[in-house]
Amino acid sequence: MIAIPYITALTTYFSYGLLFAFGQFRDFFRKIVDRYSSSNLQGYAPICLGLEDFYIRRLYLRIQDCFGRPISSAPDAWFDVVERFSNDNNKTMKRTTKISKCLNLGSYNYLGFAAADEYCTPRVIDSLKKYSPSTCSSRVDAGTTVLHNELENCVADFVGKPAAIVFGMGYVTNSAILPVLMGKGSLIISDSLNHNSIVNGARGSGATIRVFQHNTPAHLEEVLREQIADGQPRTHRPWKKIVVIVEGIYSMEGELCKLPEIIAVCKKYKAYTYLDEAHSIGAVGKTGRGVCELLGVDPADVDIMMGTFTKSFGSCGGYIAGSKELIQYLKYTCPAHLYATSISPPAAEQIMSAIKVILGEDGTNRGAQKLAQIRENSNFFRSELQKMGFEVLGDNDSPVMPIMLYNPAKIPAFSRECLKQNVAVVTVAFPATPLLLARARICISASHTREDLLKALEVISRVGDWVGIKYFPAEPNKQQQDESSLKLE
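> Kindly report on the overall build of the protein chain, identifying the contributing residues and their values.
In terms of helices and strands, the protein chain carries 16 helices and 13 strands. Overall, the protein chain is about 70 × 60 × 55 Å in size when its C-alpha atoms are taken along their principal axes. Counted over contacts in the protein chain with a minimum sequence separation of 6, partners at least 24 positions apart contribute 70%. Of the roughly 23800 Å² of accessible surface on the protein chain, a fraction of 56% belongs to carbon and sulfur atoms.

Laid out in structure tokens, this is it:
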């Protein structure tokens, strides 16, 4: 739970209130002007209507240049950001031919596989020549190659499950699977900060949805006990099945799931556990096998394991791993398997090659070095940010570290000033986070060197002072401590 300082909350509310008031004022005059202007849509209801449309027009577009910045290189430790400009107050952005080489603190390239790799890249090129970029078919028609079957076996062995099924898109893995597994008469109990793909999948399932406080096993037990006692709405019949959904690493908080405690509660009340490891698989654990390995949890205790290949493996798509019966059922019923084009063969080869490097099956210890490097980089960077006085969320070993900004004016200020100094960061605001909890999300990679991290810390510290986001007193450095001790002597 984030405790917002009182003054910070007050000024943030005031800033949003001011923006809202000016936006409504401008909309009022716009309606007057539009009344006297001709339109081809007379009599039609507005196709975009409501607070979401107002937020986009009057708040988001003011700072649109901070989002969706195009790049023109691989998302390695350093990448090329295409410069843009606007002639209509950010309503539209136009690209230029100029590029800026920036330190990449925004991509999910946790292990550095997104750039050219000495082991993966040649194999991906070979698979491209052999299979082409796409199968142009769904898995049940002509879209299953030898690579797809090998990939599913490889993923199942890697995560410690009997079987797995892969999909061409990570978001769809959650949003398409949950409506197949759950339905009317079922109960989904979801962490309050679960990803939007889980939220949309749960809504589309038709199941009853209940939410428990973020990462709080005690409240999960309260919700479970209450829902089991009450049963289904109106009829009070027992639930057909209950699934508890959590994430390994929460993408906007950088926190590790309290998986051992949550599994203990689920076992006590005979509820299934669904674990989303999008940000944790490959990135944490001694051999990169995610939070189960990191926290000492037997994968057999997790009923459904989900993950994506877009972060640690430098590819695309997602997977579901579980029992053979579960995976066979999904292959017969899941729309993402039956109707969507199968994962690209070169992408499948990239995933398998990355897993082999992680496990040392390429004949080197580069995988172990990458895992050690991302853990060292993450813990060093988080520690240094906290020493500077920033409010940093998340746990040690997590490569995701949000820096709290709060005030809407600080979102573009922080993003633009970092970019001017060739550091590319991702800022996140409503609706991806609650209105008051805007933040900059730093993603650390094994490909970052210590020099890269020191440069980033220098720039972020300087910009943080200018923007005013160091909400805690900074720790004195070693030189200052030595000087103060000399004065005392």
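> Quick rundown of the packing of helix α7 (residues 217–230) against helix α8 (residues 259–268)? Include the residues and the values.
As a packed pair, α7 and α8 sit with axes 9 Å apart at the nearest point and diverge in direction by 15°. Between α7 and α8, the interaxial angle falls into the category roughly parallel. Here α7 runs over α8; the crossing is right-handed. Taking contact as the criterion, the partners of P217, L220, E221 and L224 in α7 are, on α8, E261, I262, V265 and K268. For the contact of α7 with α8, the per-class residue count stands at five nonpolar, no polar and three charged.

> So what's going on with the sheet that holds strand β2 (residues 94–104)? Which residues, and what values?
One open sheet holds the three strands; their spatial order is β1-β2-β11, and the pairing between them is mixed. In the strand order of this sheet, the two ends are held by β1 (78–85) and β11 (423–424), each with one partner. Examined bridge by bridge, β1 and β2 share seven bridges and lie antiparallel to one another. Residue pairing across strands places D80 opposite K101, the latter belonging to β2.

> Account for the sheet that holds strand β13 (residues 438–443), naming residues and giving values.
Ordered in space as β10-β13-β12, the three strands form an open sheet in which the pairing is antiparallel. Each having just a single partner strand, β10 (400–406) and β12 (426–428) make up the two edges of the open sheet. Each strand of the sheet is rotated relative to its neighbour by a mean of 30°, with strand direction disregarded. For β10 and β13, the ladder comprises six bridges, and the chain directions are antiparallel. Within β13, the position partnered with M401 by the bridge is I442. Sitting on the sheet, helix α13 (residues 366–388) touches β10 and β13, and the angle it makes with β10 is about 25°.

> Give a detailed account of helix α15 (residues 450–467), specifying residues and quantitative values.
Here α15 is 18 residues long and its end C-alpha atoms lie 25 Å apart, about the 26 Å a rise of 1.5 Å per residue gives. Along α15, the residues that are buried comprise D452, L453, A456, L457, V459, I460, S461, V463, G464 and V467.

> Requested: an account of the packing of helix α4 (residues 146–159) against helix α12 (residues 345–359), with residues and values cited.
Relative orientation of the contacting elements α4 and α12 amounts to 35°, with a least axis distance of 10 Å. Where α4 crosses over α12, the two elements pack in a sense that is left-handed. Packed against α4, whose contacting residues are L147, H148, E150, L151, C154, V155 and F158, the element α12 presents P345, A348, E349, I351, M352, I355, I358 and L359 at the interface.

> Tell me about the pairing of strand β9 (residues 318–322), residues and numbers included.
Of all five residues making up β9, five are buried, and the element is well covered by its neighbours. The alternating pattern of β9 places G318, I320 and G322 and Y319 and A321 on opposite faces, both of which are buried. The pairing of strand β3 (residues 163–167) with β9 spans five bridges and is antiparallel. Bridging across to β9, V166 finds its partner in Y319. Note: strand β8 (residues 304–308) against β9, four bridges, orientation antiparallel. Bridging from a neighbouring strand, M305 pairs with A321 of β9.

> Give me the packing of aromatic side chains: which residues, what numbers.
On inspection of all chains with the given rule, the structure shows ten aromatic pairs. Plain terms: the ring middles of Y108 and Y110 are 6.4 Å apart, the flat faces sit at 55° to each other, and that makes the pair tilted. Classification of Y108 as partly exposed rests on a relative accessible area of 28%. When the ring of F158 is compared with that of F313, the centres are 6.2 Å apart and the planes differ by 80°; the resulting orientation is edge-to-face.

> Tell me what's going on with α7, and back it up with residues and numbers.
Between the first and last C-alpha of α7 there are 20 Å, a value that for 14 residues agrees with the 20 Å anticipated at 1.5 Å per step. Buried within α7 we find P217, L220, E221, V223, L224 and Q227. End-on view of α7: buried residues confined to an arc of 165°, all on one side of the axis. Counted as exposed and oriented over 90 degrees from the buried face of α7: A218 and A229. For α7, the secondary structure elements touched by its buried residues are β4 (187–191), β5 (208–212), β6 (242–247) and α8. Two residues or fewer after α7 comes G231, characterised by a positive phi angle close to 75°.

> Give me the state of the cysteines: which residues, what numbers.
A covalent bond between the sulfur atoms of two cysteines is referred to as a disulfide. Applying the stated criterion to the full structure yields zero disulfides. Looking at C443, it has no disulfide partner, and the nearest cysteine sulfur is the one in C418, 14 Å off.

> Talk me through the nonpolar core; I want residue IDs and the actual numbers.
Grouped together as the largest cluster of nonpolar side chains are 62 residues, with contacts concentrated most on I189, L224, V244, V246 and L259. Considering each element in turn, this core owes the most residues, eight residues, to α12.

> Outline a nonpolar patch on the surface, supporting the account with residue identities and numerical values.
The grouping of F25, F28, F29, I32 and Y36 at the surface amounts to a nonpolar patch, some 590 Å² of accessible area in total. Following the sequence through the fold, F28 ends up in helix α1 (residues 6–35).

> So what's going on with the side chain of D80? Which residues, and what values?
Its location among the elements puts D80 in strand β1. D80 has contacts with P70, I71, S72, S73, I99, S100 and K101, leaving out every residue within four places of it along the chain.

> Explain the environment of G106 residue by residue, including any values.
Within the element layout of this structure, G106 appears in the loop between β2 and α3 (120–131). Linking G106 and V426, residues 320 residues apart in sequence, is a C-alpha distance of 5.3 Å. Every residue in contact with G106, bar those within four places of it in the chain, is listed here: A424, V426 and C443.

> So what's going on with the pattern of salt bridges? Which residues, and what values?
If you walk through the whole model with that rule in mind, you get 18 salt bridges. A salt bridge links E458 to R462; the shortest N-O distance between them is 3.3 Å. Of the two residues, E458 and R462 are both situated in helix α15; the distance of four residues between them amounts to about one turn of the helix. K470 is paired through a salt bridge with D465; the nearest N and O atoms lie 3.0 Å apart. K470 gets classed as partly exposed once you look at its relative accessible area, which sits at 23%.

Definitions and limits used
Counting of residues starts from 1 at the beginning of each chain's written sequence and follows it residue by residue. Note on the predicted model: pLDDT of at least 70 is required for a residue's local features to be given, and 80 or more for side-chain atom pairs to be given and counted; whole-chain, interface and lining totals, by contrast, use all residues. Side-chain figures throughout are based on the complete set of non-hydrogen atoms in the structure, without hydrogens or water. Going along the chain from the N terminus, every DSSP run of H or I of four or more residues is numbered as a helix, and every run of E of two or more is numbered as a strand. Contacts between residues were defined by any pair of non-hydrogen atoms, one from each residue, lying within 4.5 Å. Using a 1.4 Å probe, the Shrake-Rupley method yields the accessible areas, and only the shown protein chains count as cover for residues. A fitted line through C-alpha atoms serves as each axis, taken over the contacting stretch for helices, and the angle formed by two N-to-C directions is quoted from 0 to 180°. Each angle gets one of four labels, with under 35 degrees taken as roughly parallel, over 145 as roughly antiparallel, 65 to 115 as roughly perpendicular, and the rest as oblique. Here a crossing is taken to be left-handed if its near helix is turned anticlockwise relative to the far helix by less than a right angle, and right-handed if that turn runs clockwise. For this classification, Asp, Glu, Lys and Arg are treated as charged, while Ala, Val, Leu, Ile, Met, Phe, Trp, Tyr, Cys and Pro are nonpolar and the rest, including Gly, are polar. Note on pairing: two strands pair once DSSP finds at least 2 bridges between them. Take the number of residues in a helix, subtract one, and multiply by 1.5 Å to get its expected span. Buried residues are those whose accessible area, probed at 1.4 Å on protein chains only, stays under 20% of the maximum for their type, while exposed residues exceed 50% and partly exposed ones sit between those limits. Whether two aromatic rings pair depends on their centres lying within 6.5 Å, for rings of Phe, Tyr and Trp, where Trp uses its six-membered ring; planes under 30 degrees apart make the pair stacked, over 60 edge-to-face, and the rest tilted. To be clear, the arc concerns the directions from the helix axis to the C-beta atoms. Disulfides are defined as cysteine sulfur pairs within 2.5 Å. Each nonpolar core is a collection of buried residues, namely Ala, Val, Leu, Ile, Met, Phe, Trp, Tyr and Cys, held together in the definition by side-chain atoms within 4.5 Å. Candidate patch residues must exceed 30% relative accessible area and have no salt bridge, after which like charges are joined if within 9 Å and Val, Leu, Ile, Met, Phe, Trp or Tyr side chains if within 5 Å. Salt bridges are counted wherever a side-chain nitrogen of Lys or Arg sits within 4 Å of a carboxyl oxygen of Asp or Glu.

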